[in-house]
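# Commentary on secondary and tertiary structure
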Number of protein chains: 2
Amino acid sequence: MTDRFSFTLHATDGKARTGTIHTPRGEIRTPAFMPVGTAATVKAMLPESVRATGADILLGNTYHLMLRPTAERIARLGGLHRFMNWDRPILTDSGGFQVMSLAALRKLTEEGVRFSSHIDGSKHMLSPERSMEIQKLLGSDIVMCFDECPALPATEEVVAQSMRLSMRWAQRSRDAFGDRPGHALFGIQQGGVTEDLRGESAEALKAIGFDGYAVGGLAVGEGQETMFSVLDYAPGMLPADKPRYLMGVGKPDDIVGAVQRGIDMMDCVLPSRSGRTGQAWTRRGQVNIKNARHMDDPRPLDEACTCPACRSYSRAYLHHVFRAGEIIASMLLTWHNLHYYHELMEGLRGAIRAGTLDAFVADFHAQRAAGDIAPL
Amino acid sequence: MTDRFSFTLHATDGKARTGTIHTPRGEIRTPAFMPVGTAATVKAMLPESVRATGADILLGNTYHLMLRPTAERIARLGGLHRFMNWDRPILTDSGGFQVMSLAALRKLTEEGVRFSSHIDGSKHMLSPERSMEIQKLLGSDIVMCFDECPALPATEEVVAQSMRLSMRWAQRSRDAFGDRPGHALFGIQQGGVTEDLRGESAEALKAIGFDGYAVGGLAVGEGQETMFSVLDYAPGMLPADKPRYLMGVGKPDDIVGAVQRGIDMMDCVLPSRSGRTGQAWTRRGQVNIKNARHMDDPRPLDEACTCPACRSYSRAYLHHVFRAGEIIASMLLTWHNLHYYHELMEGLRGAIRAGTLDAFVADFHAQRAAGDIAPL
């Protein structure tokens, strides 16, 4: 344990890196996947179960928590860790992305964003200063700068103006964050799919100085090929001795491609959301448990998986409880998906340490290409 | 372990009894509460968690399972225990009660009940012979006779005719069940709220001979006072050396009153259903977690309770996740309710053994009368 936030790089393989982020609340093995606990819960999971799947850190959503139950209430109750019974690291986003995608009647100015709650219509303001205040009230270990992210496609001029606003907000975030030993503040690179703008953004952030750097503004509908084309250069613009975080990614093959390109941290709702819609992720790809071909299948989702859903239940059972609308379907499929994601991260970390990432990735793609087991 | 079904009485206190039901799949401590796993899951719980709350046995619903995923499918998949990952005893009802309350277009004849599924409208028949066949396909440890139960209030003539039909069906159930060592068949006493009819029913069942006897036709809207007035005499009409099972009961004070009157087994959806609607049962009575008075309350539901919901979460958290529609609210409240129910059963068993049931019951009522803790 440590009372400071720091990052140790253990090994690299090509551009891929493996390391450890040290925080007072515990270590984060990188590359790390962060399950999303939007409203102070990773949906359908107890936090000890999330930990059992291999999670070192969770993500909380500032936008949702500020509206309900409110950051001030969580602070009075002892902070987000205690509130949600998770004593390991928590990263909170800034609210910037979600206020633009979820809130109603939003108005963007230099100061910040005024908006109405999607829950009850109440009026709120998010700015760099307010976002820092909320994330401090929550007790977040890794705080994200308040930024603005235009939807793609957008003209280069719109992307440039937005990026420069985000860089001014990054400075205001840094100033408002102050000096909080043991807590980290991450800057967020913007610039869309334009290399020059990504470079300008990286220089602006490095001039301010952060504990880690996110690649923002991707995974917003641009497609994997475009995302990878940006990741071919964007992470390399950021300091090599700090963690690099790709926000909102992704599917297993997105994750593998991002790690190959030098990303250390990722988050996504996909494994938990998929669990609730009957989609399982396995080394063989995606399995739709709703499909009638599973109705009589006594085999587990994946006979090599050690999660509770695969150890103790048949596809036939998972199909039945999903069709019957039973909560246990969401519980078991979410558990499986998070287990698979973290097993994939562990595989990536091991391969980078061993210098065998290319072989690992080739095997990853070969298993997926072979597809799911045939019906009995 | 044993390869036979048997019942050992350990102690009595007044009419109350404590004992052990021995089955090849494990022992059942009585008085026992049986959580309901309608569609092959106790809603919002993993089976190992249900066991951790203190459950020795679950109840499965023949009506639901015969329609989806079907008894034949469960049999092909190795039986209900394996299907739902519960290796301890399972009691299945006969389908008789639920076909009359849930199915559409039902037609009752001497042969049985023809009906249409409430799920897909498909046509089915339930009879004593078909109910025995289904419960055998499921692999149930304790099989219930197929019976008919008129809604109360009903005229004495209707109740008498219905009871006599159920007694003819009890004989047919016994004949169809055959000899299945290690599996038990329970008869069901009917007769409404009429002592003579209850007596006639008990004599008919004893003449046939069963491994246990249920008091049926109660907890169908007649109210606690009427139910207790029947329980003042009905259990005593049944053999003292066999388990006595009160079907579909109940609230904690119903359970306590039933145990005082000589009941050994009960089942009810209440602790799990309440958990999903935001109702918690504690030694202080019922707590509605939706109520705004819990919004800022850092205290657990019950500071003396050792369940995960009380050990690790505040009322404020439970209120928040319930209001936010999060699945974890159902998971935690159901866990708490089942834990409380089984703790109550353990208390009752201990008091009967110690000969201190009156004091235990007085304390139970005193704690409830004092009510929930005041808001902060």
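Residues numbered from 1 in each chain as written. Chains lettered and ligands numbered in written order. Predicted model: local features only at pLDDT ≥ 70, side-chain atom pairs only at ≥ 80, totals over all residues. Heavy atoms only, no water.

Chain A goes by Queuine tRNA-ribosyltransferase in an unreviewed UniProt entry, where it is assigned to Albidovulum denitrificans. The record in UniProt for chain A states the following under Subunit (unreviewed entry): "Homodimer. Within each dimer, one monomer is responsible for RNA recognition and catalysis, while the other monomer binds to the replacement base PreQ1." Recorded in UniProt for chain A, the comment headed Sequence similarities (unreviewed entry) runs: "Belongs to the queuine tRNA-ribosyltransferase family." (UniProt positions renumbered as here; feature names shortened; annotations may be inferred.)

### Concerning the sheet that holds strand β3 (residues 26-30) of chain B
All names here are of chain B. As summarised here, the arrangement of the three strands in space is β1-β2-β3, forming an open sheet in which the pairing is antiparallel. Taken across any chain shown, the strands that pair with only one partner, and hence form the sheet edges, are β1 (6-13) and β3. When strand polarity is set aside, the average angle formed by the axes of neighbouring strands in this sheet is 15°. Pairing of strand β2 (residues 16-23) with β3, which is carried by five bridges, proceeds in the antiparallel orientation. By the bridge assignment, Gly19 is partnered in β3 with Thr30. Across the sheet, helix α14 (residues 327-354) touches β1, β2 and β3, and the angle it forms with β1 is around 70°. (Pairing = 2+ DSSP bridges. Helix = DSSP H or I, 4+ residues; strand = E, 2+ residues; numbered from the N terminus. Axes fitted to C-alpha atoms, helices over the stretch in contact; angles between N-to-C directions. Contact = heavy atoms within 4.5 Å.)

### Some words on the nonpolar core
In this structure, Met266 of chain A together with Met266 of chain B are the most contacted members of the largest nonpolar core, which totals 203 residues. Setting aside its immediate chain neighbours within four residues, Met266 of chain B contacts Ala32, Phe33, Met34, Tyr245, Leu246, Val249, Ile255, Ala258, Val259 and Met345 of chain B. (Core = buried A, V, L, I, M, F, W, Y, C linked by side-chain atoms within 4.5 Å. Buried < 20%, exposed > 50% of the residue type's maximum accessible area, 1.4 Å probe, protein only.)

### Points about unusual backbone geometry
All names here are of chain A. For the bond from Thr30 to Pro31, the omega torsion is 0°, close enough to zero to count as cis. Topologically, Pro31 is positioned in the loop between β3 (26-30) and β4 (32-35). For the bond from Arg68 to Pro69, the omega torsion is 10°, close enough to zero to count as cis. Mapped onto the elements of the fold, Pro69 is located in the loop between α2 (62-67) and α3 (71-76). Even without a glycine there, the phi angle at Ala44 is positive, about 75°. Positionally, Ala44 belongs in the loop between β4 and α1 (47-52).

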